[in-house]
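Residue-level structure breakdown
Next come the chains, spelled out residue by residue.
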Amino acid sequence: MTRAPDRHATVLDRIGPEITAGTRPVGSVLTLEGIGTEYGVSRSVAREAVRVLESMGLVASRRRVGVTVQPRDGWHLFDPRVIVWRLEGVDRARQLVSLAELRRGIEPEAAALAAERASAEQCRALATAVSDMVMTGRQGDLAAYLSADQLFHHTLLEASGNDMFAALSGLVAEALEGRTHHHLMPSQPNSEAIDLHDEVARAVRHGDAASAERAMRAIIDEAAAAVRSQFGPEAELEAGPA
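Predicted model only: the values in this text are computed from it and were never measured.

1. Concerning the sheet that holds strand S1 (residues 29-30)
Taken together, three strands build an open sheet; the order of strands is S1-S3-S2 and the sheet is antiparallel. Looking along the sheet, the strands with just one partner apiece sit at the ends: S1 and strand S2 (59-62). Across the sheet, helix H3 (residues 43-55) lies against S2 and strand S3 (66-69), angled at about 120° from S2, the strand it touches most.

2. Focus: the pairing of S2
Inspection of the sheet shows S2 paired to S3 by four bridges, in the antiparallel sense. Opposite Ala-60, over in S3, you have Thr-68 as the bridge partner. Between S2 and S3, which follow one another and run antiparallel, lie three residues, and Arg-64 among them has a positive phi close to 70°.

3. Focus: the environment of Arg-62
For Arg-62, the location among the structural elements is in strand S2. Contact partners of Arg-62, with chain neighbours within four places excluded, come to Thr-68 and Gln-70.

4. Re the side chain of Gln-70
One can find Gln-70 in the loop between S3 and helix H4 (80-87). A distance of 3.0 Å separates a polar atom in the side chain of Gln-70 from the backbone oxygen of Thr-68. If sequence neighbours within four positions are ignored, Gln-70 has contacts with Val-26, Gly-57, Leu-58, Val-59, Ala-60, Arg-62 and Trp-75.

5. Structural notes on helix H11 (residues 209-231)
A rise of 1.5 Å per residue sets the reference length of H11, with its 23 residues, at 33 Å; its end C-alpha atoms lie 34 Å apart and thus fit the reference within 8%. Listed as buried for H11 are Ser-211, Ala-212, Ala-215, Met-216, Ile-219, Ile-220, Ala-223, Ala-224, Ala-226 and Val-227. Here the buried face of H11 lies against helix H5 (92-117), helix H7 (142-159), helix H9 (169-181) and helix H10 (191-206).

6. Describing the pattern of salt bridges
The tally for this structure, following the rule as stated, stands at nine salt bridges. For Arg-24, the salt bridge goes to Glu-18, with nearest N and O atoms at 2.5 Å. Of the two residues, Arg-24 and Glu-18, both sit in the buried class. Taken together, the shared-partner salt bridges connect Glu-18, Arg-24 and Glu-38 into one network.

The rules behind these values
- Residues numbered from 1 in each chain as written.
- Predicted model: local features only at pLDDT ≥ 70, side-chain atom pairs only at ≥ 80, totals over all residues.
- Heavy atoms only, no water.
- Pairing = 2+ DSSP bridges.
- Helix = DSSP H or I, 4+ residues; strand = E, 2+ residues; numbered from the N terminus.
- Contact = heavy atoms within 4.5 Å.
- Axes fitted to C-alpha atoms, helices over the stretch in contact; angles between N-to-C directions.
- Polar contact = N/O pair within 3.5 Å; in protein donor to acceptor, adjacent residues only side chain to side chain.
- Expected span 1.5 Å × (residues − 1).
- Buried < 20%, exposed > 50% of the residue type's maximum accessible area, 1.4 Å probe, protein only.
- Salt bridge = Lys/Arg side-chain N within 4 Å of Asp/Glu carboxyl O.

Printed below as a string of structure tokens:
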């Protein structure tokens, strides 16, 4: 028999993407009874799933109205699950570009701070991550390459010494995983991108904040350009709120 927590996760991973993709449009109403019937779960499992969706801002529960799907401007867009669900939807390209633009405002500054604050251990971790990216990139092992890439960015954000930057490492990890999971990475990772990671690591180790910032900005610009080249106009963000 499937345990309740597994069923709760299954319900979340069905309803969440439907909301973020617009399949369940804003203003549509869910009920605990309807969720239970549709997904074959108990009322308590349905209630827990709704509670989590509500904590993400995707739905709101009101007496005599029910559970109502909310507009995007109320969603908790930094929640890793919301990011994953949006990447699974029709606006995947726009989400990837949006994440790249957000990273562009964060990671170059984090790299500059890391050049001033990184410990010797963190510098070694950055160098090791780059070495692993070189090796796994040559082998075409994209899963291992992703792990090394995620470790690099996680370490860099922590090395900034800024707790708020470090708290965004999960968001960056999801952005990186999104490209790999949805087959948007080339079979052989871009050697120029790996070289730029090496430049960042070296600049951090040498305390060169300007070079670290410049190389990190180039890394993110390369990723955004790759997404735009693959999706074309579909990846362009509209002016104003969506």
